[in-house]
Structure formats: C-alpha cells, structure tokens
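Descriptive analysis of the structure
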Amino acid sequence: MTETMSTHLALIIDDEPDIRELLEMTLGRMNINTRSAANLAEAHALLKSEKFDICLTDMRLPDGNGIDLVRHIQQQDMNLPTAVITAYGSMDTAVDALKAGAFDFVSKPVDLTVLRNLINSVLKLSDSANPRDRRTRDTLLGESPLMCNIRSTIEKLSRSQAPVYISGESGTGKELVAQLIHSKGPRNDRSFIPVNCGAIPSELMESEFFGHRKGSFTGAVKDKKGLFQVAGGGTLFLDEVAELPLHMQVKLLRAIQEKAVRPVGAEKEIHTDVRILSATHKNLAQLVEAGQFRQDLYYRLNVIQLQVPALRERREDIPQLVTHYLGKVAIENGLPDLRIDEAAMQELHSYTFPGNVRELENILERATTLCENSTITREDLQLPAAVVTDQEAPGATPSQEPANGSVPLDTYMDTIEKDALIKALEQTRYNKTAAAKLLGITFRALRYRLKKLGLE
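Since the structure is predicted, the reported quantities are computational estimates derived from the model, not experimental observations.

Describing helix 15 (residues 356–370)
The end-to-end C-alpha distance of helix 15, which contains 15 residues, comes to 21 Å, matching closely the 21 Å that a straight helix rising 1.5 Å per residue would cover. For helix 15, the complete set of buried residues consists of N356, V357, E359, L360, E361, I363, L364, R366, A367 and T368.

As structure tokens, then:
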C-alpha cells in the first residue's frame, strides 16, 4: 500500500505479490494512493469499505476472474473505471472484458508507459478542473425516443476506451456521433482524426496509416508520421472501414491488438495510444459471411455497436431539423424572414429521405435559391415523386419503380441518376474528379449532370 497526499485512490487486485508491488510503486510515483487485494473476496471487502477512483484487476484470480469483478462493478453502478490485466496475446479475453464494461485493458508483461497513459485517461474523467461539455442536444438534434437513446449511449461510451462500431445509412451523421464520443471523453484535449478508408489508394495505405522512413520507397524523401501517430493520445475514426482491402485488414488488426505500429522501412515497432472508432453504411456482418471482411478484425472493431437511425425512422424530428437548417441557411444568405409553408413541411414529412439528414440539408439549401418572397413552397423542394409517400409507416422502404405509369418516365430516370451521383460523391467524400472516374464518365459530364439535376 502506498500513501501520498493524493486525492485519488486506486484498487489493485493481483495474486502475484511482485505485480502488486510494481503497480503500487508506479501509481505511487504518480501521486496516487493504493489499496491491494490478492483475490476477489478481499477486493469485494475493500469496495464496500472505501470509494475508489480506479480499479486495476488481473484476469485470473484464485477465486474467480477479472471479468466477474467488472460485471459486479457495472451491476452495482459504482461509476468506477476498471482496467483488466490480461496475459500476453489473449486478445479475445481483453475484448470480452471490454464488452463487460471494462474501461480498457493492459497486457502482461505490463508496459509502464501504457499503464501511465491509461491511468491519466481515467483521472481526466473525474478531474473537475477539466470539465467537459456534456450537452449533445444542441449538436445531435432530435427529441424522438431513438435520438434520446443515442445521446444517452454516447455519454456512456465516452467514459470507456472500448472500440465502437457505428453503423447506419449514408447521411445519418455517423461521423458526428464519433466526434461526440471523442469530445465527451478523456481524450477530448487531443486530436480527433477522421480517415475515409475508401479514399486512400491501396498502395499508399500502409504508409498513410503507419508512416514511413526516408528512402523506404521511391518518393519517400523524408520521414512521415502515420495516422496512428498523428492521432496519438486521441481518437482515430475509420470511416467506411468496409472499403479496406484484405491485406490492410491484417495489418490494422495487428496494430489494434499490439497497440503498436511499424512504419514502412523501420526496424522497430512504435507504441501507439489511440482509441479506435469505425463506421460504414455497409453491413459488415454480411461482408464477413461473404469472405470480404476478416471476422477477427470485425470482432475487434465491433466491441460495442451503435446504430444511428435513418431519418425516416424518426419523422417526428423533421420539424426541428428543418427549423435548425433553415436558420443556418437564412444567416448564410442574409434572409432573416426565410420560412417554409405548411404544404412544403407536410411534403418533407412524407418523404423517405434516402440520403437522410444530409439530403434534408441539401434540399433546403436548393429550395432557398428557388423560393420567392423568402417562403419555401412545395414546388421549391423539387422532391423526386417516386419516393414521396402518403405518411408511410416509419422504417418502410417504398418502391422507387414507377407503378402503373403513375410516375413520369423522365422523373423516374432522374431519380435513379440522382441516387447514383449522390452515392458516388459520398463514396469519394465529394471529390468530383474521383466520383467521375468511379462512374466511368468525364469530369465535364459529371458537372453537366449535377447542374441539370440541381445537385451543384
């Protein structure tokens, strides 16, 4: 046991006296008081008698295991960040601990640098001198039960270091969710680095992610840090992770498991300290079944899954979103009297929004340029007739095919072309040159089609 003038108290649980002593000395040098237990029974007794700020527990104990303790702490709602010490190479056990609610894990033999980084992250959670803005209502809009649940989940996830897989359709706001998880957590004073995995050429991926040494390949004129190093101490957000080629999935898996990367041309690995968040609009589980995505990587990334709902599943949020985005557009265009009439609002409420919130914002921006007298009407919205329904049930997916000739062929074809253009632009993060190449058309042809369909 170590006694200092610290206001923080840690509980250490390990049946090996040497490990307990090492952890006590390390935390003591960080000005943290400690209490130690050799088994779960002693740990439970200490948890009842004192209030701790952090708990470090070995996985294998004489009377149980560390995951049992993690579950007990979660069930008792002790608000106690717990890190599990696992045997070398037992990543499956570490993932199980994270799923049970552990803050993070440390592998044996314990790397003291890794341990100190972990402890510092935990202490930031309770550091009143470094308060974090807990409000998400003004950033992630919507008062529907689905969105209230998302915001509540974000608060919980921000207090962990577990990898989170954010799923949902294009345009639902997956990157915004990832940014909020980062900004509400202990890494909020470090970088949030988003990377679109589908926008990096395959041959440059290893260098982009892990860095390279000068002279390691043609064009490597100086040392370069990779994304894992740039995001050091912060969060790395892997957007469209399904686009990673299989050879890169293997290297990414190792980087996550070992918490270390080897730059191209380097002889030694470099320790990394990043939290991994990932997202895609594709169904990763189906890609695993099809052999297009590694199951072991999916298992590592999908420790916790957060599903972001489509806009059609939370129609009650549309009026609030419209008010918010119209206010934004009004300021940008100097239109203080900008409004939307009731018929146009009803039209938006009946629309299926295949492009979700991002599409709603684009529709309102376009309608603002078309409207007269600062009032947006139904005609100004120019919604594709094929995907407007009569108050369909939430979650329904209407047919986009013309039924009994009820939709003009030109309108139907424009809808199909518009969807293809939007998907290509989203896939390339709105790089028009790359989108044109993806579609197999010239850049000039792409610009013509965007202008023709009101997508510029």
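And the narrative resumes.
A short note on the packing of helix 18 (residues 432–439) against helix 19 (residues 443–452)
Here helix 18 crosses helix 19 at 100°, and the two axes come no closer than 9 Å. As judged from the angle between their axes, helix 18 and helix 19 are roughly perpendicular. From helix 18, K432, T433, A435, A436 and L439 reach across to helix 19, where they touch F443, L446 and L450. The residue inventory of the contact of helix 18 with helix 19, partitioned by class, reads six nonpolar, one polar and one charged.

Things to note about helix 1 (residues 17–29)
One full turn of an α-helix is made of 3.6 residues, so residues set three or four places apart face in the same direction. If you check helix 1, its first and last C-alpha atoms are 18 Å apart, about what 13 residues at 1.5 Å a residue would give, namely 18 Å. Looking at the buried side of helix 1, the elements it contacts are strand 1 (9–13), strand 2 (33–37), strand 3 (54–58), strand 6 (82–86) and helix 5 (112–125). Positive phi shows up at N31, right after helix 1, with a value of about 65°.

Quick word on the side chain of R20
Tracing the chain through its elements places R20 in helix 1. For the buried R20, no salt bridge exists, and the shortest N-O distance to an oppositely charged side chain is 5.3 Å, to E24. There is a polar contact of 2.6 Å between the side chain of R20 and the backbone oxygen of D14. If we ignore the near neighbours within four places in the chain, the residues touching R20 are I12, D14, D15, S36, A37 and A38.

Details of the sheet that holds strand 8 (residues 164–167)
What the five strands build is an open sheet, ordered 9-12-15-8-16; its pairing is parallel. Each of the sheet's edge strands pairs with one partner strand only, and the pair in question is strand 9 (192–196) and strand 16 (304–307). Between one strand axis and the next, the sheet turns through 20° on average, direction left out of account. Against the sheet, helix 6 (residues 145–157) engages strand 8, strand 15 (275–280) and strand 16, with an angle of about 155° to strand 16. The sheet contacts of helix 7 (residues 174–183) involve strand 8, strand 9, strand 12 (235–239), strand 15 and strand 16, and relative to strand 8 the element is tilted by about 150°.

Comments concerning the nonpolar core
In this structure, F209, F228, L236, L238 and F293 are the most contacted members of the largest nonpolar core, which totals 31 residues. Of all the secondary structure elements, the ones that give two or more residues to this core are strand 9, helix 8 (205–210), helix 9 (227–230), strand 12, helix 10 (246–258), helix 11 (284–289) and helix 12 (295–301). Not counting chain neighbours up to four residues away, the residues in contact with L238 comprise V195, C197, F209, L252, I276, L277, S278 and A279. With 24 residues, the next largest nonpolar core counts L141, Y325, Y351 and C371 among its residues.

So, the environment of D63
Here D63 shows up in the loop between strand 4 (60–61) and strand 5 (64–65). The class for D63 is partly exposed, based on a relative accessible area of 38%. Along the chain, D63 and L40 lie 23 residues apart, while their C-alpha atoms are 6.2 Å from each other. Excluding residues within four positions of it along the chain, D63 makes contact with N39, L40 and A41. At 3.0 Å, the side chain of D63 and the backbone nitrogen of A41 are in polar contact.

The rules behind each value
- Residues numbered from 1 in each chain as written.
- Predicted model: local features only at pLDDT ≥ 70, side-chain atom pairs only at ≥ 80, totals over all residues.
- Heavy atoms only, no water.
- Helix = DSSP H or I, 4+ residues; strand = E, 2+ residues; numbered from the N terminus.
- Expected span 1.5 Å × (residues − 1).
- Buried < 20%, exposed > 50% of the residue type's maximum accessible area, 1.4 Å probe, protein only.
- Axes fitted to C-alpha atoms, helices over the stretch in contact; angles between N-to-C directions.
- Parallel < 35°, antiparallel > 145°, perpendicular 65-115°, else oblique.
- Contact = heavy atoms within 4.5 Å.
- Nonpolar A, V, L, I, M, F, W, Y, C, P; charged D, E, K, R; others polar.
- Lys, Arg positive; Asp, Glu negative; His and termini not counted.
- Salt bridge = Lys/Arg side-chain N within 4 Å of Asp/Glu carboxyl O.
- Polar contact = N/O pair within 3.5 Å; in protein donor to acceptor, adjacent residues only side chain to side chain.
- Pairing = 2+ DSSP bridges.
- Core = buried A, V, L, I, M, F, W, Y, C linked by side-chain atoms within 4.5 Å.

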